[in-house]
Amino acid sequence: MDIGVLRRDGRTDPFFDGTAAGRLVVRRCEACDRWFAPDETGCPGCGADDLAWAEASGEATLVTWTVTRPRDSDQPPAYLALVELAEGPWLHTRLDGVDPVSLREGLPLRAAFVHPDEGESYVLFRH
Ligand SMILES: [Zn+2]
């Protein structure tokens, strides 16, 4: 399923610089040593509003998922998922190349990067 062209909005430059280089970069509060999703703006633990960016391992486990079947039946279904990174934060993403019958909560996943001709590179997860 085509997800359209991604454009960065300024706040997420380090995230997209990371995906372009094949690295998963998320937010991290250095004071608390806690990790957050890329769209987090402040630390709920200590109230810091200047979260750092840091490279995550790319290891994750499946939390939940849904299958979207495009109207055009020639297109393969898309697997939209919520994954938990090894560092803790949850990320909305897509699964790629997965066997639907193997999907289960806790399934180990690894980040993979897609570099479209147009727009920003993005991350999805494979088993
Ligand atoms: Zn904090």
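The model shown is predicted, which means the values in this text are computed figures rather than measured ones.

Details of the overall build of the protein
Here's step 1: From N to C terminus, the protein includes one helix and eight strands.
Here's step 2: Element order for the protein, N to C, with α for helix and β for strand: α-β-β-β-β-β-β-β-β.
Here's step 3: Relative to a compact globule of 127 residues, whose C-alpha radius of gyration would be 14 Å, the protein shows 15 Å and is just as compact.
Here's step 4: For the protein, the spread of C-alpha atoms along the principal axes amounts to about 50 × 35 × 20 Å.
Here's step 5: Once local pairs closer than 6 in sequence are excluded, the contacts in the protein between residues at least 24 apart make up 50%.
Here's step 6: Per element, the accessible surface of the protein, about 7,400 Å² overall, is 46% carbon and sulfur.
Here's step 7: Here the protein carries 13 positive and 22 negative side-chain charges, and the mean point of each set is 2 Å from the other.

Structural notes on the coordination of the zinc ion
Here's step 1: Around the zinc ion, the protein supplies C29 (SG), C32 (SG), C43 (SG) and C46 (SG) as donor atoms, at distances of 2.2 to 2.3 Å.
Here's step 2: One can describe the donor arrangement at the zinc ion as tetrahedral, given that its four donor atoms subtend angles of 104 to 112° at the metal.
Here's step 3: Binding-site remark: the zinc ion is held by donors from one chain whose sequence spacing is C-x2-C-x10-C-x2-C. With C32 in the loop between β1 (25–29) and β2 (34–36) and C46 in the loop between β2 and β3 (52–55), this residue pair connects regions lying 14 residues apart in the sequence.
Here's step 4: Residue C32 is classed as partly exposed on the basis of its relative accessible area of 27%.
Here's step 5: With a relative accessible area of 42%, C46 lands in the partly exposed category.

Digging into the nonpolar core
Here's step 1: Among the nonpolar cores identified, the biggest contains 23 residues, and L24, L62, V83, L85, L95 and F125 are the most heavily contacted of them.
Here's step 2: Those elements giving two or more residues to this core turn out to be α1 (13–20), β4 (59–68), β5 (78–85), β6 (90–95), β7 (108–114) and β8 (122–126).

Notes on the pairing of β8
Here is the key point about a regular strand: its side chains alternate between the two faces of the sheet.
Here's step 1: Among the five residues that make up β8, four are buried, leaving the element largely enclosed by the rest of the structure.
Here's step 2: Pairing geometry for β7 and β8, over five bridges, is antiparallel. Note on β8: the bridge partner recorded for A111 is F125.

Some words on the UniProt feature "domain: ChsH2 C-terminal OB-fold" (unreviewed entry) in the protein
Here's step 1: Cross-referencing UniProt, the feature "domain: ChsH2 C-terminal OB-fold" (unreviewed entry) maps to residues 53–114 in the present numbering.
Here's step 2: Annotation note: span residues 53–114, helix share 0%, strand share 55%, distance between end C-alpha atoms 21 Å.

Describing the pairing of β5
Here's step 1: Most of β5 is tucked away, with six of its eight residues classed as buried.
Here's step 2: The pairing of β4 with β5 spans eight bridges and is classified as antiparallel. Note on β5: the bridge partner recorded for W65 is A81.
Here's step 3: Relative to β6, β5 runs antiparallel, the two sharing six bridges. Across the sheet, L80 pairs through a bridge with R94, a residue of β6.
Here's step 4: Linking two consecutive strands that pair antiparallel, namely β5 and β6, is a turn of four residues; a positive phi of about 125° is found at G88 within it.

Rules of the game
Residues numbered from 1 in each chain as written. Predicted model: local features only at pLDDT ≥ 70, side-chain atom pairs only at ≥ 80, totals over all residues. Heavy atoms only, no water. Helix = DSSP H or I, 4+ residues; strand = E, 2+ residues; numbered from the N terminus. Rg over C-alpha atoms; globule rule 2.2 N^0.38 Å. Contact = heavy atoms within 4.5 Å. Areas by Shrake-Rupley, 256 points an atom, 1.4 Å probe, with all protein chains shown as cover. Lys, Arg positive; Asp, Glu negative; His and termini not counted. Charge placed at Lys NZ, Arg CZ, Asp CG, Glu CD. Donors = N, O, S within 2.8 Å, 3.2 Å for Na, K, Ca; no water. Tetrahedral: all angles 85-135°; square planar, octahedral: opposite > 155°, others 65-115°. Buried < 20%, exposed > 50% of the residue type's maximum accessible area, 1.4 Å probe, protein only. Core = buried A, V, L, I, M, F, W, Y, C linked by side-chain atoms within 4.5 Å. Pairing = 2+ DSSP bridges. UniProt positions renumbered as here; feature names shortened; annotations may be inferred.

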